[in-house]
Amino acid sequence: MTSESSVLNSFEKQDYFSDSGSVCELEMKATKRKKQAALEPQPPKRPRPNAGLRVTHSPSSSSIPSPPDPSLKQQQPSSQGTSRQVSPRPVRNGERNQAISAKDIYDAVSSGKSAMVTVVDEWLDSYKQSREAGLLVLINFIVQCCGCKGVVSKKMLDSMQNAEIISTLTKEFNEDSVNYPLSSPGSQLKRFKAGLCEFVRVLVRSCRNSLVYDEYLFPSVLALLTGLSDSQVRAFRHTSSLLAMKMMTELVEVAVTVSVQLQTTQRQYDLEKSKKPNDRASDRLEELQTTIRELRENKEELSSMMNATFRGVFVHRYRDRLPEIRAACIEELGFWLKTDPEDFLNDGCLKYLGWTLHDKQTPVRLQCVRALQGLYQEKEFIGRLELFTSRFKERILSMVLDKDPDVAVEVVNLLLMIQHMCAHDGRRTEDGLMEEECGHIYPLVYASHRGLASAAGGFLCNKLKRVIASDEENKNNNAAFFQILVSFYIQSEFHEHGAYLVDSLWAVAGSELRDWETMTALLLQDAGLMYEEEGALLELMMCAIRQAAETTPPVGRSHSKKILSMKDKRIQEQDKNRITSHFIPVLPELLSKYSADAEKMSLLLKAPLYFNLEMYSSTQWLEKHLDLLLSQICVIVEKHTEISVLQACAQLVSTLCSECYTFSTRAHLVFSQLLDELTECFSTYSSDLLQGTADDDDVYNAATALKKIAALSSAKDPTGWKLLDSCLKLLKSRMESMELDTELMVSALKCAAFHLMWAKVNVVNSKPAEAELKRLKKEVHSFCRVCQMCLSLEKAEIRDQAFVLLCDLLLLYSASSVRAEPDLQALVHLPSDCLRSELAAFLLDYVFSEDEDDELSDENEETKMILLQKRRNELAGYCKLIIYGVLDLTAATNVFKHYSKHFKDFGDIIKETLSKTKLINPIQSAKTVCLSLQQLYSEMLTEDPSQHDLTEMRDLAKRLAMSFGIDLHRVSKPLVALHMDGIRFAFRAPQEGEEQHPNVAFLEILSEFSFKLLQQNRAQLAAFVKSECPSDALSWPSVRLYQHSLESGSSSKAREQEGKGDAISSHDTPVAKRKRTTVQGSASSTTKVSWLESSSIHSHLDTPAFTSTVQKQPASKKTGAVESGIGDGLTELQSEDEFSSGPQMRKVKPTKRGQHSSIQTEPPLKKKDLESHLTLLSLIEDNISEREENSSGKEEPEIEDYESGSESAYTLPSTLVTSASILDELFD
């Protein structure tokens, strides 16, 4: 080779071959040397210049030596200084003359505690004494790292080829364990892998000036690693591939050092040669020429080893079936490309990264993206990456929606690097991202994964700041920033998600988002922003205030629960004080400007909730602002009727009236006066309403007053105004006259309910007389009667509100609520049988009704979501009554029956209810499950006695059976009770006019629970069946199927044994409960807000919200060219610029709120390649297809096609909480 030859030239000429056929020129060299050593002594080689210097140079030197001086050839060189002191390994008695063994090295690597330099130095000492013995120790160390018990002897090393040695080791592989060191779990794997990589690093660096060039050690080791990397045994292949890749990385670093030395020496030689003949130093020229020749020889040898390793290991293993091997190859390739760009950074090597972007396994894609990040960080690489960027930019853009968020985060960071690199290179700005391509990244600021959202926020912020910088007219950068951000927020159409946008930008634009002065100045100026822009900026400002004051991400965005550090707490306190001091004088101005806008008012009224309210009383000049705020709240309540504004006022009233503040007395006084005025207003019209002489204006004014009183009652005790009797009389008179004004009656129901709730709070905090308790119980009874009457009204809003309030009051006045207060036992109010029936019928008519589902299908997405939330909330209220003992457990049959049919909408609620009932009474809960199925079976026969389609009930039984869990011993008694109840039902005595044993087919449904039974319970139930079943019925198909299920534990196996020809007898069954179809007979409606949100309207308790709507990105279709492109590219490496085109990029379209998708992707399950107690054949993977491809000269890529385009579904978070938090809040 000439000095111009490099690894690149070898890569361009490489062809694919079978690893087991001819490993490479490296192995042939090593094999020849071994044969010569075995047959005859080697003749002395022609000494290379400075060979002695390199051999005797200190192997532990970690510094990069300069080219050796030829004048030192005849001298014994002293060891050069090292960058670290190496302490000798302690020598024990009897070991002074004993060389280091493979086990010693393995123990040092496994422990991770030994000084690796010392271990390598000891091995090098033994290698210098006998290089064959030293090589044998190193080979056995590698074998031991693979987890193999076999040992390579000196005889094997001298007489066998590498393939024969590997074959022998394969037969001696440990068959008792499926594990090997690199497959160890947890920290053990990290420690071993780190130690192994450190050993390779220290070994190569210690030999970089000597043994790397002895043409024996490293060629022999690399030849063995190349052969092992082609083994069918995974442990060999994995360990050897990792070692080879790490060794290649170190050799690349050595080659770069040699190249630098060669260039430096060549410049010195040219400079000396350019001098006049009289000025030249002939000795110096000769010395430099000798050094250049030596460095070229070193570079040739390094290139030969790197070329052989690349062709023999990397080219085959980067597409290995094991993702860990593929990831290791790509990780090291990234180092090679960055460390030695002259030889590696070309299209011929970059295409491996491009192909691997399509890998199906997350770790491989992650390493590939990280390798690209290292390249795009270097500005000087932009020209070399131009073709790669143009070919694979589309694929990279599509990966922002990768199914693994960690990969997506790194991809967004990579795209930001590409944008930065191209933006700073004016000649190549066309290679950056177009605005349409950036549009695929912007929506990710709303993603539920916080890391991905933050990465996208960094990308968006960078774009915004570049736009601002390009406009020379922008004098106030922050004002321009907010204007552009507001424009983006409006155009993105993801309204009500401002908190997620602010959270995404908080890390990179926190200083801008804390600029309260600029934001309020923009809002207060008269001719600054458009109406829609004002609303968007106001929303973003309130979200920024919340973020600064609470320092927590929005609900639904992943966040590790960590305790704030003292520094973070100090910053939080400073932000809160800045917010308070700025907004106390400014807030009244904002409230005055937007006093007529309900939406903006509801936002501004939330600001004081994040203030340090003590500042109102700590500073005298701020007290006038408190009086102004209190008066403004009263004016807002008087002026507005929108429920959002009234609720915001009520929340602020509750905060200001808190006794922890010194000004709470003033707030109480102001709001008491407000309630006086509202009560007086209502009283003015109440007599006319009761007499029926009120006109429409009177009804509206009374309804408005009651609506405001109800809103304030959630924050302030209204019992002093004694509105309960008036509200109850109003409700009764309206229902008698059938003048059902929705707003008036809903407000009256809320006022009455809040009165009773506050009354319960008051009696708990005081010691009332018995007469007062009786009066309160009577009022509760009257209110429940009124609500029960409302359940059958035609007005859905009244009906729904009555059901929710009824559930709340029954729970508040239940026996469990006064268990700790014996004096309050007289307050316990239990629902009557009639009321229980009405509540159950309400579920049937309005929650689980198919008619309601048909109505939902005609509505738009947003309306459907609101109605579904109402229905979920109503079901949750009913389930709470069961869990807290207000209703018997048998009432749960009205819920369990619909578990399968309505699983999509209510499955999580019903499942949690099932779980809670099992904790209350496991046996009774199991009997209730059986009763649910019995009722369904009876209803089926009542509707059509000839119908015996049990498919739907079987599905329900399977779901219910799975709810019993996996602890069979714990559920054995409940399951036996369930089976015995089912058997009794199946063989119950027929009633008059019925056929004999009409329910015997129920045994088929019961058989779905058999697989959960213990063996002794099966025998017990088999005997019970025989005792209950008539002798002639034992041959009936249903009975035989059930008996087989007890024997096999599976109803499916039992059905297979029974065959397909068995007939099932049909009989009449008792009449099931009637389902009401008319509106008059209906019990109630189904609201669908979060479980507790509607249930006490807006009480002093925090309201849990409903699970978020899910935004689904449209899936793209893969083009056929994708597959063929990759395959063709891997079949033959023809040129440097050969690339396969990636799949078509998915378009990320902004989706408006309300759209959702329940599609969730799951990563494919990994195969277990090694099972426990395998035979030798089980350790060998099926590699026949690969060998057939190699023998035919063709190779197909092993990389599985990555389907992120069709599987990924990034979700946009909602301002509401997830279903898990709903259940926790509900059943807490």
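Every value quoted in this text rests on a predicted model; they were computed, and no experiment measured them.

Cut-off values and rules
Residues numbered from 1 in each chain as written. Predicted model: local features only at pLDDT ≥ 70, side-chain atom pairs only at ≥ 80, totals over all residues. Heavy atoms only, no water. Helix = DSSP H or I, 4+ residues; strand = E, 2+ residues; numbered from the N terminus. Buried < 20%, exposed > 50% of the residue type's maximum accessible area, 1.4 Å probe, protein only. Contact = heavy atoms within 4.5 Å. Areas by Shrake-Rupley, 256 points an atom, 1.4 Å probe, with all protein chains shown as cover. Patch = residues over 30% accessible without salt bridge, like charges linked within 9 Å, V, L, I, M, F, W, Y side chains within 5 Å. Salt bridge = Lys/Arg side-chain N within 4 Å of Asp/Glu carboxyl O. Lys, Arg positive; Asp, Glu negative; His and termini not counted. Charge placed at Lys NZ, Arg CZ, Asp CG, Glu CD. Polar contact = N/O pair within 3.5 Å; in protein donor to acceptor, adjacent residues only side chain to side chain. Axes fitted to C-alpha atoms, helices over the stretch in contact; angles between N-to-C directions. Parallel < 35°, antiparallel > 145°, perpendicular 65-115°, else oblique. Left-handed = near helix turned anticlockwise from the far one by under 90°. Nonpolar A, V, L, I, M, F, W, Y, C, P; charged D, E, K, R; others polar. Core = buried A, V, L, I, M, F, W, Y, C linked by side-chain atoms within 4.5 Å. Disulfide = S-S within 2.5 Å. Phe/Tyr/Trp six-rings, centres within 6.5 Å; stacked < 30°, edge-to-face > 60°. Lys NZ or Arg CZ within 6 Å of the ring centre and 35° of its normal. Expected span 1.5 Å × (residues − 1). pLDDT = per-residue confidence, 0-100.

1. Brief notes about the overall build of the protein
Okay, step 1: A count of helical and extended segments in the protein gives 51 helices and zero strands.
Okay, step 2: The burial tally for the protein puts 54% of its 1228 residues in the buried class.
Okay, step 3: Contacts in the protein between residues at least 24 apart in sequence constitute 77% of all its contacts with a sequence separation of at least 6.
Okay, step 4: Carbon and sulfur atoms make up 50% of the accessible area of the protein, which amounts to about 55,300 Å² in all.

2. Quick word on the environment of Ala447
Okay, step 1: Among the structural elements, Ala447 can be located in the loop between α19 (435–438) and α20 (450–470).
Okay, step 2: Along the backbone, Ala447 and Ser504 are 57 residues apart, and their C-alpha atoms lie at a distance of 9.0 Å.

3. Considerations on unusual backbone geometry
Okay, step 1: In this structure, Lys722 is a non-glycine residue whose phi angle is positive, near 50°.
Okay, step 2: Classification of Lys722 as exposed rests on a relative accessible area of 65%.
Okay, step 3: One non-glycine residue with positive phi stands out, namely Met738, at about 60°.
Okay, step 4: Relative to the helices and strands, Met738 resides in the loop between α32 (724–737) and α33 (742–765).

4. Focus: a negative patch on the surface
Okay, step 1: A cluster of acidic residues, Glu638, Asp676, Glu677 and Glu680, forms a negative patch at the surface.
Okay, step 2: If you trace the backbone, Glu680 turns up in helix α30 (residues 664–691).

5. Overview of the pattern of salt bridges
Okay, step 1: Counted according to the given criterion, the structure contains 36 salt bridges.
Okay, step 2: With a shortest N-O distance of 2.7 Å, Arg201 and Glu198 are connected by a salt bridge. Taken as a pair, Arg201 and Glu198 lie in helix α9 (residues 186–206) at a separation of three residues, close to a single helical turn.
Okay, step 3: On the basis of relative accessible area, Glu198 is assigned to the partly exposed category, the value being 27%.
Okay, step 4: Between Arg775 and Glu779 there is a salt bridge, with its nearest N and O atoms 2.8 Å apart. Here Arg775 and its partner Glu779 are both found in helix α34 (residues 770–790), four residues apart, which amounts to about one turn of the helix.
Okay, step 5: Look at Glu779 and you get buried, because its relative accessible area is 13%.

6. Details of the side chain of Asp404
Okay, step 1: Among the structural elements, Asp404 can be located in the loop between α17 (386–398) and α18 (405–423).
Okay, step 2: The buried charged residue Asp404 lacks any salt bridge, with Arg365 as its nearest oppositely charged partner at 5.9 Å.
Okay, step 3: Within the structure, Asp404 has its side chain in polar contact with the backbone nitrogen of Asp406 (distance 3.0 Å).

7. Focus on the packing of helix α41 (residues 922–943) against helix α43 (residues 972–986)
Okay, step 1: Between α41 and α43, the least distance of the axes is 8 Å, while the angle of their chain directions is 30°. If you check the angle between α41 and α43, you find them roughly parallel. In this structure, the crossing between α41 and α43 has a hand that is right-handed. Taking contact as the criterion, the partners of Pro922, Ile923, Ala926, Lys927, Val929, Cys930, Gln934, Tyr937 and Ser938 in α41 are, on α43, Pro974, Ala977, Leu978, Asp981, Gly982 and Phe985.
Okay, step 2: A class-by-class count of the residues in the contact of α41 with α43 yields ten nonpolar, three polar and two charged.

8. So, the nonpolar core
Okay, step 1: Core analysis: the biggest nonpolar cluster contains 343 residues, and Phe141 and Leu353 have the highest contact counts within it.
Okay, step 2: When residues of this core are assigned to their parent elements, the largest contribution, 15 residues, is made by helix α11 (residues 234–273).
Okay, step 3: Sequence-distant contacts of Leu353, that is, excluding residues within four places in its chain, are made with Ile330, Leu333, Leu337, Cys368, Ala371, Leu372, Leu375 and Phe388.

9. Some details on the environment of Ser206
Okay, step 1: Within the secondary structure layout, Ser206 lies in helix α9.
Okay, step 2: Each C-alpha atom of the pair Ser206 and Asp121 lies 8.1 Å from the other, and the pair is 85 residues apart in sequence.

10. Focus: the packing of helix α10 (residues 217–229) against α11
Okay, step 1: Remark: α10 packs on α11, axes separated minimally by 8 Å, with the N-to-C direction vectors making an angle of 140°. Looking at the two axes, α10 sits oblique to α11. At the point where α10 passes α11, the crossing takes the left-handed sense. Packed against α10, whose contacting residues are Phe218, Val221, Leu222, Leu225, Leu228 and Ser229, the element α11 presents Phe236, Arg237, Ser240, Ser241, Leu243, Ala244, Met247 and Leu251 at the interface.
Okay, step 2: When the residues that make up the contact of α10 with α11 are grouped by side-chain class, the tally is ten nonpolar, three polar and one charged.

11. Re the state of the cysteines
Note on terminology: disulfide describes a covalent bond linking the sulfur atoms of two cysteines.
Okay, step 1: Scanning all chains against the criterion turns up zero disulfides.
Okay, step 2: Free cysteine Cys751: the closest other cysteine sulfur is in Cys727, separated by 4.8 Å.

12. Looking at the packing of aromatic side chains
Okay, step 1: By the definition in use, this model includes 28 aromatic pairs.
Okay, step 2: When the ring of Tyr442 is compared with that of Phe459, the centres are 6.2 Å apart and the planes differ by 50°; the resulting orientation is tilted. With Tyr442 in the loop between α19 and α20 and Phe459 in helix α20, this residue pair connects regions lying 17 residues apart in the sequence.
Okay, step 3: With centroids separated by 4.1 Å and ring planes inclined at 10°, the aromatic side chains of Phe803 and Phe842 adopt a geometry described as stacked. Taken as a pair, Phe803 in helix α35 (residues 796–812) and Phe842 in helix α36 (residues 833–847) lie far apart in primary sequence, 39 residues in all.
Okay, step 4: According to the relative accessible area criterion, Phe803 is buried, its value standing at 0%.
Okay, step 5: Ring pairs connect the aromatic residues Phe310, Phe314, Tyr318, Trp336, Phe344, Tyr352 and Trp355, which therefore count as one cluster.
Okay, step 6: A cation over an aromatic ring shows up here: Lys760 above the ring of Tyr813, its NZ or CZ 5.4 Å from the ring centre.

13. Let's talk about α34
Okay, step 1: Look at α34: 30 Å from first C-alpha to last across 21 residues, which is about the 30 Å you get at 1.5 Å a residue.
Okay, step 2: Within the span of α34, buried status applies to Leu773, Leu776, Glu779, Val780, Phe783, Cys784, Val786, Cys787, Gln788 and Cys790.
Okay, step 3: Buried residues belonging to α34 abut α32, α33, α35 and α36.

14. Topic: the confidence of the model for the protein
Okay, step 1: Averaged over every residue, the pLDDT of the protein is 78; residues scoring 70 or more account for 74%.
Okay, step 2: Confidence drops under pLDDT 50 across residues 1–97; counting only partners more than four residues distant or on other chains, this segment forms 156 contacts.
Okay, step 3: Contacts from residues 1056–1228, a stretch scored under 50 in pLDDT, to residues over four places away or in other chains number 448 contacts.

15. Regarding helix α23 (residues 516–524)
At 3.6 residues per turn, the α-helix brings residues three or four places apart onto the same side.
Okay, step 1: If you check which residues of α23 are buried, you get Trp516, Thr518, Met519, Thr520, Leu522 and Leu523.
Okay, step 2: Residues of α23 that are buried in the fold lie against α21 (477–492), α22 (498–513), α24 (531–550) and α25 (566–593).

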